[in-house]
Amino acid sequence: MEKRHAENKIEQPGEPTLMHDFKGEKKQPFITMKVGIIFLIVILLGIGTGYFLSGGSSAKTVSSTDSISKSQLQSGQTYGVSDTKSYPDTAEGTLQTGGINGEGQYHLVRPGGDSQNVYMTSSTVDLSLFVGKKIKVWGATQAAQYAGWLMDVGKVQVE
């Protein structure tokens with residue numbers, strides 16, 4: 001039997017049509033709800049994983065210098081953060097106050113004269129507690145105009 005369409009084209013039975021009637025089909029809310037729930041679970045798992053991984057981050061403090069005084073510093077004890085990836089550089093010497101031409105607040109006196117000094121700042125460790133002590137520091141080298149070596153210190157070990 002032949003069908004007539006609006007274009008007056010005659011179709012033969014069994015021939016595929018270009019138009020499809022969607023009026024008879026209904027959306028299935030169960031499937032849409034299922035996809036929404038799966039999406040919500042994936043989001044919550046992502047947030048939970050991020051929270052869990054941040055709990056083991058390298059920003060953990062080894063020992064807080066805020067709660068100690070200069071008299072409580074012990075030889076061999078380490079203060080600051082344990083993140084050696086962010087603070088890969090090391091230096092040893094005696095800590096003194098003062099920078100050079102506004103770069104650094106402290107400097108580490110090392111053998112070899114003033115050219116071997118390491119000028120330092122720190123946002124994680126109170127370096128004033130270590131003035132006059134022989135220490136080892138871990139830090140990140142910073143760009144400087146006047147200092148031969150400018151370092152942002154993240155970890156200090158009293159020697």
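Just so we're clear, the structure is a prediction, and the values are computed from it rather than from any experiment.

With respect to the overall build of the protein
Then, in step 1: In terms of helices and strands, the protein carries one helix and nine strands.
Then, in step 2: If you list the helices and strands of the protein from N to C, you get β-β-α-β-β-β-β-β-β-β.
Then, in step 3: A buried classification covers 26% of the 159 residues belonging to the protein.
Then, in step 4: Within the protein, residue pairs in contact and separated by at least 24 positions form 54% of the contacts whose partners lie at least 6 positions apart.
Then, in step 5: Here the protein has roughly 11,300 Å² of accessible surface; of this, 56% comes from carbon and sulfur atoms.

Some details on the nonpolar core
The tendency in soluble globular proteins is for nonpolar side chains to be buried as a group.
Then, in step 1: Core analysis: the largest hydrophobic core is formed by 18 residues, its most contacted members being L95, L108, M120, L127, F130, V137 and V156.
Then, in step 2: Of all elements in the fold, only strand 5 (89-97), strand 6 (106-109), strand 7 (118-121), strand 8 (134-142) and strand 9 (150-158) reach the threshold of two or more residues within this core.
Then, in step 3: When residues in this core are grouped by element, the largest group, four residues, is from strand 9.
Then, in step 4: If near-sequence neighbours (up to four positions away) are discounted, V137 is found in contact with D89, T90, A91, L108, M120, M151, V153, K155 and V156.

A look at the packing of aromatic side chains
Then, in step 1: Per the stated rule, a full pass over the model turns up one aromatic pair.
Then, in step 2: The ring of W138 carries K155 above its face, with NZ or CZ at 4.5 Å from the centroid.

Here's the deal with the environment of H107
Then, in step 1: Within the secondary structure, H107 sits in strand 6.
Then, in step 2: Overall, H107 belongs to the buried group, its relative accessible area being 15%.
Then, in step 3: Apart from the residues within four sequence positions on either side, H107 is in contact with T94, L95, Q96, T97, G98, N117, V118, Y119 and M120.
Then, in step 4: Looking at H107, its side chain comes within polar contact range of the main-chain oxygen of G98, at 2.8 Å.

Focus: the side chain of D152
Then, in step 1: Residue position: D152 is located in strand 9.
Then, in step 2: Here D152 is buried and forms no salt bridge, its nearest opposite-charge partner K155 lying at an N-O distance of 15 Å.
Then, in step 3: The residues touching D152, leaving out its near neighbours within four places in the chain, are Y87, T121, S122, S123, W138, G139, A140 and Q142.

Quick word on a nonpolar patch on the surface
Then, in step 1: Taken together, the side chains of F39, L40, I43, L44 and I47 define a hydrophobic patch exposed on the protein surface, amounting to about 530 Å² of accessible area.
Then, in step 2: In this fold, F39 is placed in helix 1 (residues 29-55).

Details of the pairing of strand 7
Then, in step 1: The sheet contact formed by strand 6 and strand 7 spans three bridges and is antiparallel. When the bridges of strand 7 are listed, L108 appears paired with V118.

So, the confidence of the model for the protein
Should pLDDT be low for a region, the predicted coordinates there are not to be read in detail.
Then, in step 1: Considering every residue of the protein, the mean pLDDT works out to 78; 70% of them sit at 70 or more.
Then, in step 2: Note that pLDDT drops below 50 for residues 57-66; the model gives that stretch 19 contacts with residues more than four away or on any other chain.

Thoughts on the environment of S115
Then, in step 1: You can see S115 is positioned in the loop between strand 6 and strand 7.
Then, in step 2: At a separation of 3.4 Å, a polar atom in the side chain of S115 contacts the side chain of Q116.

Examining the side chain of N117
Then, in step 1: Within the secondary structure layout, N117 lies in the loop between strand 6 and strand 7.
Then, in step 2: For N117, a relative accessible area of 5% translates into the label buried.
Then, in step 3: Setting aside residues no more than four positions away along its own chain, N117 makes contact with H107, L108, V109, R110 and W149.

What counts and how
Residues numbered from 1 in each chain as written. Predicted model: local features only at pLDDT ≥ 70, side-chain atom pairs only at ≥ 80, totals over all residues. Heavy atoms only, no water. Helix = DSSP H or I, 4+ residues; strand = E, 2+ residues; numbered from the N terminus. Buried < 20%, exposed > 50% of the residue type's maximum accessible area, 1.4 Å probe, protein only. Contact = heavy atoms within 4.5 Å. Areas by Shrake-Rupley, 256 points an atom, 1.4 Å probe, with all protein chains shown as cover. Core = buried A, V, L, I, M, F, W, Y, C linked by side-chain atoms within 4.5 Å. Phe/Tyr/Trp six-rings, centres within 6.5 Å; stacked < 30°, edge-to-face > 60°. Lys NZ or Arg CZ within 6 Å of the ring centre and 35° of its normal. Polar contact = N/O pair within 3.5 Å; in protein donor to acceptor, adjacent residues only side chain to side chain. Lys, Arg positive; Asp, Glu negative; His and termini not counted. Salt bridge = Lys/Arg side-chain N within 4 Å of Asp/Glu carboxyl O. Patch = residues over 30% accessible without salt bridge, like charges linked within 9 Å, V, L, I, M, F, W, Y side chains within 5 Å. Pairing = 2+ DSSP bridges. pLDDT = per-residue confidence, 0-100.

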